[in-house]
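Structural overview for review
Here is what each chain is made of, one letter per residue.
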Amino acid sequence: MKTQVISALVVLALASVMVRPGVTSVPCGQVDSALISCLPFLTNGGDPNPTCCAGVGSCKTMATTTENKQDICSCIKAAAANNPGVKLEMAALLPEKCGVSLDVPISPSVDCKSIK
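What you see is a predicted model, and the numbers here were worked out from it, not measured in a lab.

Details of the state of the cysteines
- A full pass over the atoms with the stated rule returns 4 disulfides.
- Residue pairing for Cys53: its cysteine sulfur links by disulfide to Cys98, the two sulfurs lying 2.2 Å apart. Residues Cys53 and Cys98 are joined by a disulfide whose S-S torsion is about -75°; by sign, that bridge is left-handed. Of this pair, Cys53 sits in helix H4 (residues 50-62) while Cys98 sits in helix H6 (residues 88-98), and the two are 45 residues apart along the sequence. One exposure class covers both Cys53 and Cys98, and it is buried.

Observations concerning the pattern of salt bridges
- Counted by the stated rule, this structure contains 2 salt bridges.
- With a closest N to O distance of 3.6 Å, Asp47 and Lys97 form a salt bridge. Of this pair, Asp47 sits in the loop between helix H3 (39-44) and H4 while Lys97 is found in helix H6, placing the two residues 50 residues apart along the sequence.
- Salt-bridge contacts for Asp103 lead to Lys69; the nearest nitrogen and oxygen are separated by 3.9 Å. Here Lys69 lies in helix H5 (residues 66-82) and Asp103 lies in the segment after H6, a separation of 34 residues in the sequence.

A few points about the side chain of Thr65
- Along the chain, Thr65 falls in the loop between H4 and H5.
- Looking at Thr65, its side chain comes within polar contact range of the main-chain nitrogen of Asn68, at 3.0 Å.

A look at the packing of H4 against H6
- Where H4 meets H6, the axes come as close as 10 Å, and the angle between the chain directions of the two elements is 95°. Between H4 and H6, the interaxial angle falls into the category roughly perpendicular. Listed contacts from H6 to Cys52, Cys53 and Val56 of H4 are Leu94, Pro95 and Cys98.
- Each residue belonging to the contact of H4 with H6 can be placed in one class, and the counts come to 6 nonpolar, no polar and no charged.

With respect to the layout of surface pockets
- The computed volume of the largest pocket comes to approximately 300 Å³.
- Around the largest pocket sit 15 residues that line it, and Leu35, Leu42, Ala79, Ala80 and Asn83 are the ones nearest its centre.
- Elements with a minimum of two residues in the lining of the largest pocket: helix H2 (28-35), H3, H5 and H6.
- Considering only residue class, the lining of the largest pocket consists of 12 nonpolar, 2 polar and 1 charged.

Conventions used here
Residues numbered from 1 in each chain as written. Predicted model: local features only at pLDDT ≥ 70, side-chain atom pairs only at ≥ 80, totals over all residues. Heavy atoms only, no water. Disulfide = S-S within 2.5 Å. Helix = DSSP H or I, 4+ residues; strand = E, 2+ residues; numbered from the N terminus. Buried < 20%, exposed > 50% of the residue type's maximum accessible area, 1.4 Å probe, protein only. Salt bridge = Lys/Arg side-chain N within 4 Å of Asp/Glu carboxyl O. Polar contact = N/O pair within 3.5 Å; in protein donor to acceptor, adjacent residues only side chain to side chain. Axes fitted to C-alpha atoms, helices over the stretch in contact; angles between N-to-C directions. Parallel < 35°, antiparallel > 145°, perpendicular 65-115°, else oblique. Contact = heavy atoms within 4.5 Å. Nonpolar A, V, L, I, M, F, W, Y, C, P; charged D, E, K, R; others polar. 1 Å grid on protein atoms, 1.4 Å probe; cavity = no way out; pocket = protein on both sides within 12 Å on 5 of 7 lines; lining within 4 Å. Points joined across faces, edges and corners; volume = space filled by probe spheres on them.

Below, the structure is given as structure tokens:
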């Protein structure tokens, strides 16, 4: 029993060293869910719907660290690449159209790792 407790403590100690405190990655599924209602705007133009803009705001809320911003950027780029009907000029306008200052540029040419 004593050996099991010591082993568990060692594992916890190693895990705490490997995980950076306060930094969590943002899964693409979460970003995709936040922005899925933006597809009509991204493919057809016009005005984004309120649910879409709420999703953009949600992405801003998720972008609390450099790593989070880089994750969100990578997710947005991947989603755009997987949806060939998305008009890139509409994607770039999305934060402005929603009145959200997003700290993540939306462009296929952006280097997500350069975002600070």
